[in-house]
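# What the coordinates show
These are the residues of each chain, in order.
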Amino acid sequence: MTELSWAQVSARRLARHGLTAPASSDSAADPAAAPPADPTADRVAEVVSTMCGAHAQVASAAELSVGLRVPGATRALVRRALWEDRTLVKTRGPRGTVHLLAATDLPMWTGALCAMPTPPWEQSRGLLTPEQHEQVLAAIANALAEAELTTAELTDEVVARTGAWAGERVMEAFQDKWPRWMAAMSAATRGGVMCHGPARGRATTYTSPARWLPGFTPMAGPAALADLVRRYLYAYGPATPAQFARWLSVTERWATGLFQSQDLTEVTVAGTRAWVAAGDSDFPDDPPSGLRLLPYFDAYAVGCHPRDQLFPGAAAERALAGGQAGNFPVLLVDGTVAGVWHQRRSGRTIRITVEPLRALDAGRRRALDEEVERVGHILEGRPSLTIGTVDVGPHA
């Protein structure tokens, strides 16, 4: 059995996430300068696919998360990939949370998510009968086939196709009540019936995923789950069923059975059993290196385990919220969390505050300056850096 160190695992994950290459001083020093590479919407989609999706609850965080992994990229390129080239799609992914996914991965994602046990947040809680549930899904599909509709517009269309019962405001939500049909909304996104469309002002719109991927059909469940496990282990392995279960928000028992049904190779990481996909057992000898400013809910911080290795010592107290990763933007040094940071934007000015958990030597201080400039380049602004206390609490 292959025995691995945490350093080897960390170095491989960093490389596969595109987080080891140093920031380009040319593009960072002058955002108007020619980028060091010729990034494309296709390249953006490849990176998002490798990450198994980019968390998009905070749009600017998703843009930065992807941009950090594509040399020369800006937020405009990520937006182009999403809304113009449609190589990305915004929909619900792992844990039922909004993600950017590669459009070409939609069949795999929808097939896998539909083959999972029904997640607890998706229970209609008696709001819809099975027959009403199916009526709502059919109405959503019909209404969005060639349209981009706001929630209010979609409510009108669903009610017109089903009945007044679908519009009754009975679903508890954030000190308000939503229409009854929305109890099926999570199932509709999970099953590929709907996805996000371009925002209309401040209003979210929804449309059909088939507009992003013509001929779209969910992949068969067993094949989709096998593909998802392989992709997850490529980006975040070695991993255990418990870690996979936490990433996907399923039960450990179900995840264990899924792992046992796949062609996996067992390894040990610092004496702990874990698994990689069969034939994917190569690990670098060089130690993890590099400094990065990862935004809210970055895939690396959320998906990598064990937590006590990624968030060692004081990092767990400062950068985790109740044991949950992603609620703070983090300073990543040599593959582990070494601080937190925050940005405040006003027009094109981006004020960045970084709170390291230990003093940075001269080399890492220069790397931090370069990373701050790179963040400014990606977000198309003028950054400034302050080393000090971050006084902003965790994101909900």
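Residues numbered from 1 in each chain as written. Predicted model: local features only at pLDDT ≥ 70, side-chain atom pairs only at ≥ 80, totals over all residues. Heavy atoms only, no water.

The next subject is the overall build of the protein. When helices and strands are counted, the protein shows 16 helices and 16 strands. By the compact-globule yardstick of 21 Å for 396 residues, the protein fits well, its C-alpha radius of gyration being 22 Å. For the protein, the C-alpha atoms occupy an extent of roughly 65 × 55 × 40 Å along the three principal directions. In the protein, which comprises 396 residues, the proportion classed as buried is 53%. If you take every contact in the protein between residues at least 6 apart in sequence, the share linking residues at least 24 apart comes to 66%. (Helix = DSSP H or I, 4+ residues; strand = E, 2+ residues; numbered from the N terminus. Rg over C-alpha atoms; globule rule 2.2 N^0.38 Å. Buried < 20%, exposed > 50% of the residue type's maximum accessible area, 1.4 Å probe, protein only. Contact = heavy atoms within 4.5 Å.)

Before going further, it helps to spend a moment on the layout of surface pockets. By volume, the largest pocket is sized at about 870 Å³. Along its surface, the largest pocket is lined by 30 residues, and Arg92, Val98, Phe174, Trp178 and Met185 are the ones closest to its centre. Those elements that provide at least two residues to the lining of the largest pocket are strand 3 (88–92), strand 6 (169–173), helix 9 (185–190) and strand 9 (203–207). Split into classes, the residues belonging to the lining of the largest pocket amount to 13 nonpolar, 11 polar and 6 charged. (1 Å grid on protein atoms, 1.4 Å probe; cavity = no way out; pocket = protein on both sides within 12 Å on 5 of 7 lines; lining within 4 Å. Points joined across faces, edges and corners; volume = space filled by probe spheres on them. Nonpolar A, V, L, I, M, F, W, Y, C, P; charged D, E, K, R; others polar.)

This part covers the sheet that holds strand 9. Ordered in space as 5-9-8, the 3 strands form an open sheet in which the pairing is antiparallel. Sheet topology places strand 5 (149–150) and strand 8 (195–200) at the edges, where each strand pairs with a single neighbour. Two strands pair when backbone bridges link them, and strand 8 and strand 9 are joined in this way by 4 bridges, in the antiparallel orientation. In the sheet register, His196 faces strand 9, and the bridge partner there is Tyr206. (Pairing = 2+ DSSP bridges.)

This paragraph deals with the side chain of Gln8. Its place among the elements puts Gln8 in helix 1 (residues 6–16). Here Gln8 falls in the buried class, since its relative accessible area comes to 19%. Of note is the side chain of Gln8, whose polar atom sits 3.0 Å from the backbone nitrogen of Ser5. Excluding anything up to four places from it in sequence, Gln8 contacts Glu3, Phe283, Pro284 and Asp285. (Polar contact = N/O pair within 3.5 Å; in protein donor to acceptor, adjacent residues only side chain to side chain.)

Let's shift gears to the pattern of salt bridges. Considering all chains together, one arrives at 23 salt bridges under this definition. The closest approach of N and O atoms between Arg75 and Glu380, which form a salt bridge, is 2.8 Å. Here Arg75, found in helix 5 (residues 75–84), pairs with Glu380, found in the loop between helix 16 (362–378) and strand 16 (382–387); they are 305 residues apart in sequence, far enough to count as distant. A residue is classified by how much of its surface remains accessible, and Glu380, at 25% relative accessible area, is partly exposed. (Salt bridge = Lys/Arg side-chain N within 4 Å of Asp/Glu carboxyl O.)

Extensive coverage of strand 4 (residues 98–102) is indicated by the burial of 5 of its 5 residues. The two faces of strand 4 match: Val98, Leu100 and Ala102 on one face and His99 and Leu101 on the other face are all buried. Looking at chain direction, strand 2 (residues 54–55) and strand 4 are connected through 2 bridges and run antiparallel. Considered in strand 4, the bridge of Ala54 is made with Leu100. Here 5 bridges tie strand 3 to strand 4, and the two strands are oriented antiparallel to one another. Counted as the bridge partner of Lys90 is Leu100 from strand 4. Taking the residues between adjacent antiparallel strands as the criterion, strand 3 and strand 4 are bridged by 5 residues, where Arg95 takes a positive phi near 65°.

Here the focus is the confidence of the model for the protein. Per-chain confidence: the protein averages 92 in pLDDT, with 94% of residues scoring 70 or above. pLDDT under 50 marks residues 23–36. Its contacts with residues more than four places away, or in other chains, come to 16 contacts. (pLDDT = per-residue confidence, 0-100.)

Before going further, it helps to spend a moment on the sheet that holds strand 12 (residues 291–294). Pairing within the open sheet is mixed, and its 5 strands lie in the order 12-13-14-15-16. Strands with a single pairing partner mark the edges of an open sheet, and in this sheet they are strand 12 and strand 16. Adjacent strand axes in the sheet meet at a mean angle of 30°, parallel and antiparallel pairs treated alike. With 8 bridges joining them, strand 14 (residues 336–346) and strand 15 (residues 349–356) adopt antiparallel strand pairing. Each residue of the ladder has a partner; that of Val340, found in strand 15, is Glu355. (Axes fitted to C-alpha atoms, helices over the stretch in contact; angles between N-to-C directions.)

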